[in-house]
Amino acid sequence: AFLHYQERNAASGHKYYIPSPADRCIAAYRKWIPTYTNNVVSPDTLPPEMTPSVLFDRYTQHTSHCRHCQDGLKGIKKWRRTCYGILTLSVLGIRKFWMARLSTLLCLSVLRVFSKLEKTMEVGGFKHYENH
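Values in this document were obtained by computation on a predicted structure and should not be read as measured data. (Residues numbered from 1 in each chain as written. Predicted model: local features only at pLDDT ≥ 70, side-chain atom pairs only at ≥ 80, totals over all residues. Heavy atoms only, no water.)

Turning our eyes to something else, we now look at the confidence of the model for the chain. Summing up the model confidence of the chain, the mean pLDDT is 79 and the portion of residues at 70 or higher is 73%. When the elements of the chain are averaged for pLDDT, helix 1 (residues 2–11) gives the smallest value, 64, and helix 5 (residues 67–92) the largest, 90. (pLDDT = per-residue confidence, 0-100. Helix = DSSP H or I, 4+ residues; strand = E, 2+ residues; numbered from the N terminus.)

Following this line, the structure appears as structure tokens:
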């Protein structure tokens, strides 16, 4: 996402400073483009600007192609069905047994965790203040 917006800044002539020695190859590449090409990086040749919802669509960009993430989603769905079954049984017996109350709370907590995990596999966000 960061690079998506940086290419627009570079195309508009905005200069920037790369302080890290590890980025020397990028700086050399940026100098090479106008020297040895017809400077094809212009605002006219860039793809249309994407919205954050498209840029951070983690499911389409990664999860749908990754075998490990797909296995994780299948596991979450399987365990979610199991939790709903246990939750149904424990709600039916909630007045008689203290264990039913405990399993209800446990199932609700696990279902909340599953929901958060699924959300992180579908939509990714980028917070600049977390970029160390």
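A surface patch of nonpolar side chains, amounting to about 510 Å² of accessible area, comprises F97, W98, M99 and L102. Mapped onto the fold, M99 is located in helix 6 (residues 98–122). (Patch = residues over 30% accessible without salt bridge, like charges linked within 9 Å, V, L, I, M, F, W, Y side chains within 5 Å. Areas by Shrake-Rupley, 256 points an atom, 1.4 Å probe, with all protein chains shown as cover. Salt bridge = Lys/Arg side-chain N within 4 Å of Asp/Glu carboxyl O.)

Across its 25 residues, helix 6 extends 37 Å between first and last C-alpha, which sits within 8% of the 36 Å expected from 1.5 Å per residue. When helix 6 is considered as a whole, its buried residues turn out to be A100, S103, T104, C107, L111, F114, E118 and M121. Those residues of helix 6 that are buried lie in contact with helix 4 (58–63) and helix 5. (Expected span 1.5 Å × (residues − 1). Buried < 20%, exposed > 50% of the residue type's maximum accessible area, 1.4 Å probe, protein only. Contact = heavy atoms within 4.5 Å.)

Attention shifts here to the packing of helix 5 against helix 6. For any two helices packed against each other, the geometry is given by the interaxial angle and the distance between the axes. At a minimum axis separation of 9 Å, helix 5 and helix 6 run at an interaxial angle of 155°. Considering the angle they form, helix 5 stands roughly antiparallel to helix 6. The two elements helix 5 and helix 6 meet at a crossing, and its hand is left-handed. In this structure, helix 5 contributes C69, L73, I76, K77, W79, R80, C83, Y84, I86, L87, S90 and V91 to the contact, and helix 6 contributes A100, S103, T104, C107, L108, V110, L111, F114, S115, L117, E118 and M121. Broken down by class, the residue content of the contact of helix 5 with helix 6 amounts to 17 nonpolar, four polar and three charged. (Axes fitted to C-alpha atoms, helices over the stretch in contact; angles between N-to-C directions. Parallel < 35°, antiparallel > 145°, perpendicular 65-115°, else oblique. Left-handed = near helix turned anticlockwise from the far one by under 90°. Nonpolar A, V, L, I, M, F, W, Y, C, P; charged D, E, K, R; others polar.)

Turning our attention to the packing of aromatic side chains. Applying the stated criterion to the full structure yields two aromatic pairs. An angle of 15° between the planes, with centres 6.3 Å apart, marks the rings of Y29 and W32 as stacked. Taken together, the positions of Y29 and W32, both in helix 2 (residues 24–36) and three residues apart, correspond to about one turn of that helix. Given the relative accessible area of 48%, Y29 is considered partly exposed. Using a relative accessible area of 41% as the deciding quantity, one classes W32 as partly exposed. Following the ring pairs from residue to residue traces out a cluster consisting of Y29, W32 and Y36. (Phe/Tyr/Trp six-rings, centres within 6.5 Å; stacked < 30°, edge-to-face > 60°.)

Attention shifts here to the environment of V91. Note that V91 resides in helix 5. On the accessibility criterion, V91 (45% relative accessible area) is partly exposed. Measuring from C-alpha to C-alpha, the distance between V91 and T104 comes to 6.7 Å, with 13 residues separating the pair along the chain.

A separate point is the side chain of T104. You can see T104 is positioned in helix 6. Residue class for T104 comes out buried when judged on its relative accessible area of 10%. Dropping the residues within four chain positions of it, T104 is found in contact with L87, S90, V91 and I94.

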